[in-house]
Amino acid sequence: LQGGQIGGFAIVEKLSHGSLAGLYCTFNNKELYAAKVEPVYTHQNKLNFEAKVLKSLQKSEYFPRYKTFGQNAHFSYLILELLGPSLTTVLKRLQ
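Computed from a predicted model, the values in this text were never measured in an experiment. (Residues numbered from 1 in each chain as written. Predicted model: local features only at pLDDT ≥ 70, side-chain atom pairs only at ≥ 80, totals over all residues. Heavy atoms only, no water.)

**Q** Sorry if this is basic, but what is going on with the layout of surface pockets here?
**A** To locate leftover empty space, one rolls a probe as large as a water molecule over the atoms. There is about 410 Å³ of room inside the largest pocket. Elements with a minimum of two residues in the lining of the largest pocket: β2 (9-17), β3 (22-28), β4 (31-39) and β6 (75-81). The element best represented in the lining of the largest pocket is β2, accounting for three residues. Grouping the amino acids of the lining of the largest pocket by side-chain chemistry returns nine nonpolar, seven polar and two charged. (1 Å grid on protein atoms, 1.4 Å probe; cavity = no way out; pocket = protein on both sides within 12 Å on 5 of 7 lines; lining within 4 Å. Points joined across faces, edges and corners; volume = space filled by probe spheres on them. Helix = DSSP H or I, 4+ residues; strand = E, 2+ residues; numbered from the N terminus. Nonpolar A, V, L, I, M, F, W, Y, C, P; charged D, E, K, R; others polar.)

Quick look at the structure:
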């Protein structure tokens, strides 16, 4: 995915990955965002549920800002505010 596009957002670099989804830094209109990307073949639709929950929490200052959710033939993707380094990265720096 790196170097490609998803939902009109250019994928800059891979930040991390989990068992089903990858987390990428994306770029659109001079702004950086985070993109969670999940293959559509998982059939678990966890990212769609996460997008709905995140949208419902937008009045709280303690959650990242929701930008958009979408799907293409291969992936579901959730675009949200890029907050900073992961907790894993912060802990590694402290060691």
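Anyway, onward from the coordinates.
**Q** Help me understand the pattern of salt bridges in this model?
**A** Taken as a whole, this structure holds one salt bridge when the rule is applied. A salt bridge links K36 to E50, with the nearest nitrogen and oxygen atoms 2.9 Å apart. Of the two residues, K36 is situated in strand β4 and E50 in helix α1 (residues 46-56); the sequence distance between them amounts to 14 residues. (Salt bridge = Lys/Arg side-chain N within 4 Å of Asp/Glu carboxyl O.)

**Q** Explanation requested: the environment of A10 in the structure shown.
**A** Mapping A10 onto the fold places it in strand β2. A10 sits 54 residues away from P64 along the chain, and the two C-alpha atoms are 20 Å apart. Not counting residues up to four positions away in its chain, the partners in contact with A10 are G4, Q5, C25, T26 and F27. (Contact = heavy atoms within 4.5 Å.)

**Q** What am I meant to see in the nonpolar core here?
**A** Nonpolar side chains tend toward joint burial in soluble globular proteins. If you look at the biggest cluster of nonpolar residues, it comprises nine residues: I6, F9, I11, Y24, Y33, A35, V37, Y77 and I79. With three residues, β4 is the largest single contributor of residues to this core. For I79, the contacting residues outside a window of four places in its chain are F9, T26, Y33, A34, A35, Y66, K67 and T68. Within the second largest apolar cluster, six residues are counted, among which are A34, A51, L54 and L78. (Core = buried A, V, L, I, M, F, W, Y, C linked by side-chain atoms within 4.5 Å. Buried < 20%, exposed > 50% of the residue type's maximum accessible area, 1.4 Å probe, protein only.)

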